[in-house]
Amino acid sequence: MARMCRTAATQTPSKLSLLRLLVTGTGYLVMVINLPRVLGFSSKRTGIVYDARMRGHAKLIMSSFDYADPHPEDPRRTYRIYKTLAEAGLVDDHNFAGVMDVGRIMHRIPAREATAEEILLVHTKEHYDFLESTQTMPEEDLIRHTEEGDSVYFNHDSFYCAKLSAGGTIEACFAVVEETVKNAIAVVRPPGHHAEPEKPGGFCMFANVSIAAKCVFKKYPSIKKIAIIDWDVHHGNGTQKAFYDDPRVLFISLHRYDNGHFYPSGPAGNLDMCGKGEGAGYNINIPWPCKGMKDGDYIYAFRKIVMPVCEEFDPDFVIISSGFDAALGDELGGCCLKPAGYSHLTHMLKSLAGGKVCCVLEGGYNLNSISVSALAVTRTLLGEPPMHVEDTEFSAACAKVVAQVANIQSTYWKCLRPGKNVVASMKGKDDYERLHDVIRQYQARSLYEKFSMTQLPILRDRTSPSFSEQVLATPSFHENTKGLVVFVHDTLDVQGYVDPVTGALDVSGSYLLTPENRYIKWSIDQGYAVVDINIPSILTDLDDEDGYQAAANALDLMIYMWDYYLDHAAAPKIIFFGIGEACQALVHLLGHRDTRERTRAAISVVGPASLKAIVTILDEYVVDWYHRSSLVLLSNDHPIWDPTSHGKKPRRKLGTLVRADKKTTMKTPI
Ligand SMILES: [Zn+2]
């Protein structure tokens, strides 16, 4: 140190002016070089929008119940996040009052009311006028609209707060684009991503993020492409609708879908919603089939889809629609993202658009979960390395959805395409056949040769190659008085190797898995009759890329089978044996026809597939009966076993559940 001081003392005055000697607390001398700041990005602060006025929007208290169980979109949400940031030392505001000067780490961006002109960039005049009218609306009308609306509530401050929320989001985005700050987090409410151009919904008034994106395009011609990543646990239906035909915005939503049963419900959040017209390919839905998705699942989806597509899209600006209702502890969401997971996702997105990222609060209803999650995101925005993720494993359900999304989006994105998507470019139907139709035809021939099984005629009003040989039966099955076994299964699996360059399945290295043959042989050896029902996941030639028709057809088919065949069979007892997703159709039958007298057992080998609770139109005893008479075999990693995702015992409506051990294959755990 002494030598260093001598060196400094011999410098010429001009050079010396660049050096400063400081005495540290421990008495050591240190030399500091006075240089102009050269790190443009990291020397900037992270912006924060927080405004206590947004707490004015609150649900009118209509009963004592509202006190005891407050509405989840609670005014305390933004306050608790802000308080957590302050307690962590990121915001210098000891009273959590929302001061303008928040210290040297973050930069407070003032919120303002969005103007009518800005809001009308996304919303209809009727929508705007309606919300404006709530300011002076009699309370009984506010209550009526609250009761009639799609999960929204109104008070006299709703319009004002919604304008502040949208305006705060706009200002946060402007500050990032103008590089006043390096990135930003907008802690705003009410949220926005469910608000559609013509109506509010899902606790959302105005579409904050969509409005901000449109304002950015309008004000900054240099911003030509914006990526909006929505990791709220619900589908961002409003954002999707605002940009569905707009190629300037890449919208990616990761959300629970639950086959269209999770809010906002319906097919809009499904993976086949890819955008239309010029916007085709710029809308990507990653729809989780169930609750319980974790850090590993989200990181996997980011690595496989979100990041490759974003890199190919190469946005000028990134907005995160950041609901924290996929966070561990959020009861509405039922998922398990931890702060570490959020920090990794944020870290990945920061690599885009030169770091121009604006994170905007959407949903999230566990006050503690949203606070620790927002803190992790903010730390990462500030430049802290992402936190350690404990559980990087991803689930089978996740891997399956991600593969399906990659497949459907490979038409639009080179990075998702293992070689050329030949089928998408083929015009004539004669040029290809869907493999599951081919496989079923093969299986029908094989079952005929082995067990003399033949097709049962099914009356239908439509035709599809997928219906061919759909139901097969052993000879004179209806006369067998010993017993009847009914197999209901997905199309057989192919274990195959896909060429990473051409995308073609290497047929010589692939195998058709036929575990059903073993079960059928066993049944016939016991002297039972057998009916084998194939449930395709998609109906070829019936415009059914989303599987909706196939699912509905499967339910109808099972009822038809009972009414026209099974109920009239001579066998006194029937064993039902479901395999894979097809088990859903079996459970549907057991809830909609009284099979109790005839059913000896209902065995479902669900594996990693979706689990269906019995819903009955019969009587209240069906659930108990189903619980007693069923055996539902699930893979070891099925989300239902995750103790953090529900915390209570599985419901009786799901049947008697059995968990496979870890070594058992997922598809057939027995
Ligand atoms: Zn949500």
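Residues numbered from 1 in each chain as written. Predicted model: local features only at pLDDT ≥ 70, side-chain atom pairs only at ≥ 80, totals over all residues. Heavy atoms only, no water.

Re the pattern of salt bridges
Phase 1: What the rule picks out here adds up to 23 salt bridges.
Phase 2: The residue Lys241 makes a salt bridge to Glu196 at a minimum N-O spacing of 3.0 Å. Here the residue Lys241 occupies a position in helix α10 (residues 237–242), and Glu196 occupies one in the loop between β5 (183–186) and α9 (208–219), the gap between them amounting to 45 residues.
Phase 3: For Lys241, a relative accessible area of 42% corresponds to the partly exposed category.
Phase 4: For Glu196, a relative accessible area of 11% corresponds to the buried category.
Phase 5: Put simply, Asp563 and Arg593 hold a salt bridge, and the shortest N to O gap is 2.8 Å. (Salt bridge = Lys/Arg side-chain N within 4 Å of Asp/Glu carboxyl O. Helix = DSSP H or I, 4+ residues; strand = E, 2+ residues; numbered from the N terminus. Buried < 20%, exposed > 50% of the residue type's maximum accessible area, 1.4 Å probe, protein only.)

A short note on the sheet that holds strand β7 (residues 249–256)
Phase 1: The strand order across the open sheet built from 8 strands is β4-β3-β5-β10-β9-β6-β7-β8, with neighbouring strands paired in parallel fashion. Looking at which strands have only one partner, the edges of the open sheet turn out to be β4 (106–108) and β8 (283–288). Averaged over all adjacent pairs, the angle separating strand axes in this sheet is 15°, with direction ignored.
Phase 2: Both β5 and strand β10 (residues 357–361) contribute to a ladder of 3 bridges, which runs parallel. Bridging from a neighbouring strand, Ala184 pairs with Cys358 of β10.
Phase 3: This element, helix α11 (residues 295–313), spans β6 (226–230), β7 and β8 of the sheet and lies at about 170° to β7. (Pairing = 2+ DSSP bridges. Axes fitted to C-alpha atoms, helices over the stretch in contact; angles between N-to-C directions. Contact = heavy atoms within 4.5 Å.)

Concerning the nonpolar core
Phase 1: Ranked by size, the top nonpolar core spans 71 residues in total, and within it Ile229, Trp231, Leu254, Ile286, Phe302 and Val306 carry the most contacts.
Phase 2: The leading source of residues in this core is α11, at 11 residues.
Phase 3: One finds Leu131, Phe154, Ala175 and Ile228 within the second-largest nonpolar core, a separate group that totals 52 residues. (Core = buried A, V, L, I, M, F, W, Y, C linked by side-chain atoms within 4.5 Å.)

As for the coordination of the zinc ion
Phase 1: Around the zinc ion, the protein contributes the donor atoms Asp232 (OD), Asp232 (OD), His234 (ND1) and Asp325 (OD), at 2.0 to 2.7 Å from the metal centre.
Phase 2: One way to put it: the 4 donor atoms around the zinc ion meet at angles of 52 to 156°, and that makes the site irregular.
Phase 3: Look at where the donors of the zinc ion fall in the sequence and you get D-x1-H-x90-D. Of this pair, Asp232 sits in the loop between β6 and α10 while Asp325 is found in the loop between β9 (317–322) and α12 (339–349), placing the two residues 93 residues apart along the sequence. We note that Asp232, like Asp325, is buried. (Donors = N, O, S within 2.8 Å, 3.2 Å for Na, K, Ca; no water. Tetrahedral: all angles 85-135°; square planar, octahedral: opposite > 155°, others 65-115°.)

A few points about helix α17 (residues 515–525)
Phase 1: What α17 keeps buried is the set Glu516, Asn517, Tyr519, Ile520 and Ser523. When α17 is viewed along its axis, its buried side chains cluster within an angular range of 165° and face the same direction. Opposite its buried face, α17 presents the exposed residues Arg518 and Asp525, each directed more than 90 degrees away.
Phase 2: Close packing links the buried residues of α17 with α16 (435–451), β13 (484–490), β16 (529–535) and β17 (574–579).
Phase 3: Looking one or two residues past α17, Gly527 carries a phi angle of roughly 90°, positive in sign. (Arc of directions from axis to C-beta.)

A word on the side chain of Thr595
Phase 1: Positionally, Thr595 belongs in the loop between α19 (583–592) and β18 (599–607).
Phase 2: Classification of Thr595 by relative accessible area gives buried; the value is 0%.
Phase 3: Those residues within four positions of Thr595 in sequence are excluded, and the remaining contacts are Trp562, Leu589, Leu590 and Trp625.

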